[in-house]
Amino acid sequence: MNNKASGHWRHEVRDNRIVRKFERGELEENFHLLIKCEKKEFVFYMNGEKTRKPFPIRAPLKDGRNIVFRDEEDLGRWKKVRIPEARASQDGRGVSDLKRNEEVILEKSLSIGDCLEVWGKVQEDDRYSLNIMRGTKDYLLHMDIRPESRTICLDTTLHEKWPGSYNKHLSDEYSILTSNPQGQFHIKVQFEEEGMELSIDDHTYAGIIPYEFDLTEATHVRCSVSEGSDINPWNKIALPKSTQMLTTYSTYEFDKLSIGDIINVTGYMRKNLGAFSFNIIEDDINWHLHIAVRPASRHVVLNAM
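Described in the following lines is the structure provided in the data block. (Residues numbered from 1 in each chain as written. Predicted model: local features only at pLDDT ≥ 70, side-chain atom pairs only at ≥ 80, totals over all residues. Heavy atoms only, no water.)

With antiparallel pairing, the six strands of this open sheet are ordered in space as E11-E20-E13-E14-E15-E16. Sheet topology places strand E11 (102-105) and strand E16 (166-170) at the edges, where each strand pairs with a single neighbour. Strand-to-strand twist across the sheet, computed as the mean angle between neighbouring axes with direction ignored, equals 10°. Sheet topology places E11 next to strand E20 (residues 220-225); four bridges connect them, and they run antiparallel. Residue Ile105 lies in a different strand from E20, and its bridge partner there is His220. (Pairing = 2+ DSSP bridges. Helix = DSSP H or I, 4+ residues; strand = E, 2+ residues; numbered from the N terminus. Axes fitted to C-alpha atoms, helices over the stretch in contact; angles between N-to-C directions.)

What follows is the structure, given as structure tokens:
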């Protein structure tokens, strides 16, 4: 792994363990690479396993504009990519209006690195809830907002057996949700390797919510209110974008990277073949991150230029 600055490669970082695991057959040839942008470094997961070595962020993330895939032998080893979405706003692309008690179908399966966002307006009378579901009775996430007790109940369950295996009552988070003078709130659910990360406005809940069932099996999102209620606290929702299919030597442009963004890449590994690489670049001479997979020399190289 490496990066470029002003056309010059900088100090590279190597991690040989991943390539050797492919050689020994310990990892499937079809690979999934996840890149997470932390505060000071890029962190990598290969087929769900965290690599030993991260890569330092050597240039401002906001200056990165393109992702470039290269394959020296034109074998089409890069398959799909999911790049970070532009920071969603209520007027942004991909954000849709919500009706009362609306069920929004997940047209693509959820996966690690995805993010789901919902906007609404605080109500002081009846309960209302955000639910990520499989079918009619299995809840990947049940977030029940309860004005009468001034709490938020987080839960996950199968067959609507309440309380479920994860049952938390959050009074501090309720105070944060209701603190906006205009009464607006923004809920964000980030799907990580370890579980779901919940944010309300600019506050991130300290706990990690475990997956009750396989993330890919979720079928829809339901934003509901109490039976008989005529309120509608839910305004808008933003679902994860679809995965893009890759071609050899492809370039994909995006708005900018930010702390917390995640890049997902899938492909397949073959032994005794030439190198192929993944690159985050600003322009032709400034590369924020260069990951070269070199099967012949049994190396994964990190660098920048």
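With that out of the way, let us pick up the packing of aromatic side chains. Under the counting rule described, the total for this entry stands at five aromatic pairs. Arranged with centres 5.8 Å apart and planes meeting at 80°, the rings of Tyr128 and Trp234 form a pair that is edge-to-face. Highlighted residues: Tyr128 in strand E13 (residues 128-134) and Trp234 in strand E21 (residues 234-238), separated in sequence by 106 residues. Residue classification places Tyr128 among the buried residues on the basis of a relative accessible area of 0%. Among the residues examined, Trp234 registers a relative accessible area of 1% and is labelled buried. These aromatic residues form a ring-pair network of at least three members: Tyr128, Phe185 and Trp234. A cation sits over an aromatic face here: Arg134 above Phe213, 4.1 Å from the ring centre. We note Lys168 situated over the ring of Tyr166; from NZ or CZ to the ring centre the distance is 5.6 Å. (Phe/Tyr/Trp six-rings, centres within 6.5 Å; stacked < 30°, edge-to-face > 60°. Buried < 20%, exposed > 50% of the residue type's maximum accessible area, 1.4 Å probe, protein only. Lys NZ or Arg CZ within 6 Å of the ring centre and 35° of its normal.)

We now examine the environment of Ser179. Tracing the backbone through its elements, the reader meets Ser179 in the loop between helix H2 (171-177) and strand E17 (184-191). As for Ser179 and Val122, which are separated by 57 residues in sequence, their C-alpha atoms are 9.3 Å apart.

Across the five residues of E21, four count as buried, placing the element largely inside the fold. Bridging between strand E12 (residues 115-121) and E21 involves four bridges; their strand directions are antiparallel. Note on E21: the bridge partner recorded for Val118 is Ile237.

Our next topic: the nonpolar core. Membership of the largest hydrophobic core comes to 43 residues, with the highest contact counts inside it found for Leu154 and Trp234. Residues within four places of Leu154 in sequence aside, it is in contact with Leu141, His142, Met143, Tyr166, Asn167, Lys168, Leu170, Leu198, Tyr205 and Ile209. Residues Ile18, Ile35, Cys37 and Val265 belong to the second largest nonpolar core, which totals 31 residues. (Core = buried A, V, L, I, M, F, W, Y, C linked by side-chain atoms within 4.5 Å. Contact = heavy atoms within 4.5 Å.)

With that settled, consider the pattern of salt bridges. Here the structure, examined in full by the defined rule, presents nine salt bridges. The salt bridge partner of Glu148 is Arg127, with a shortest N-O separation of 2.7 Å. Here Arg127 lies in the loop between E12 and E13 and Glu148 lies in the loop between strand E14 (138-146) and strand E15 (151-157), a separation of 21 residues in the sequence. Judged by its relative accessible area of 49%, Glu148 falls in the partly exposed class. (Salt bridge = Lys/Arg side-chain N within 4 Å of Asp/Glu carboxyl O.)

It is worth spelling out empty space enclosed by the protein at this point. Empty space among the atoms can be located by rolling a probe the size of a water molecule over them. Tallied over the full model, the rule gives one cavity of 30 Å³ or more. A volume near 160 Å³ is recorded for the largest cavity. Taken together, 16 residues make up the lining of the largest cavity; nearest its centre are Leu33, Met46, Thr51, Ile291 and Val300. For the lining of the largest cavity, the secondary structure elements donating two or more residues are strand E4 (30-37), strand E5 (41-46), strand E26 (286-294) and strand E27 (299-304). (1 Å grid on protein atoms, 1.4 Å probe; cavity = no way out; pocket = protein on both sides within 12 Å on 5 of 7 lines; lining within 4 Å. Points joined across faces, edges and corners; volume = space filled by probe spheres on them.)

This brings us to the environment of Lys99. By secondary structure assignment, the location of Lys99 is in the loop between strand E10 (95-97) and E11. When the C-alpha atoms of Lys99 and Asn235 are compared, they prove to be 7.4 Å apart, with 136 residues separating the residues in sequence.

Below, the discussion takes up the side chain of His186. As for its position among the elements, His186 is in strand E17. What His186 contacts, discounting residues up to four positions off in sequence, is Glu117, Val118, Trp119, Ser199, Ile200 and Asp201.

Residue Pro163 follows Trp162 across a cis peptide bond; omega there is -10°. With respect to the secondary-structure elements, Pro163 resides in the loop between E15 and E16. Positive phi outside glycine occurs at Arg150, with the angle close to 55°. Mapped onto the elements of the fold, Arg150 is located in the loop between E14 and E15. The backbone phi angle of Asp201 is positive, close to 55°, even though this residue is not glycine. Examined against the element boundaries, Asp201 turns out to sit in the loop between strand E18 (196-200) and strand E19 (203-204).

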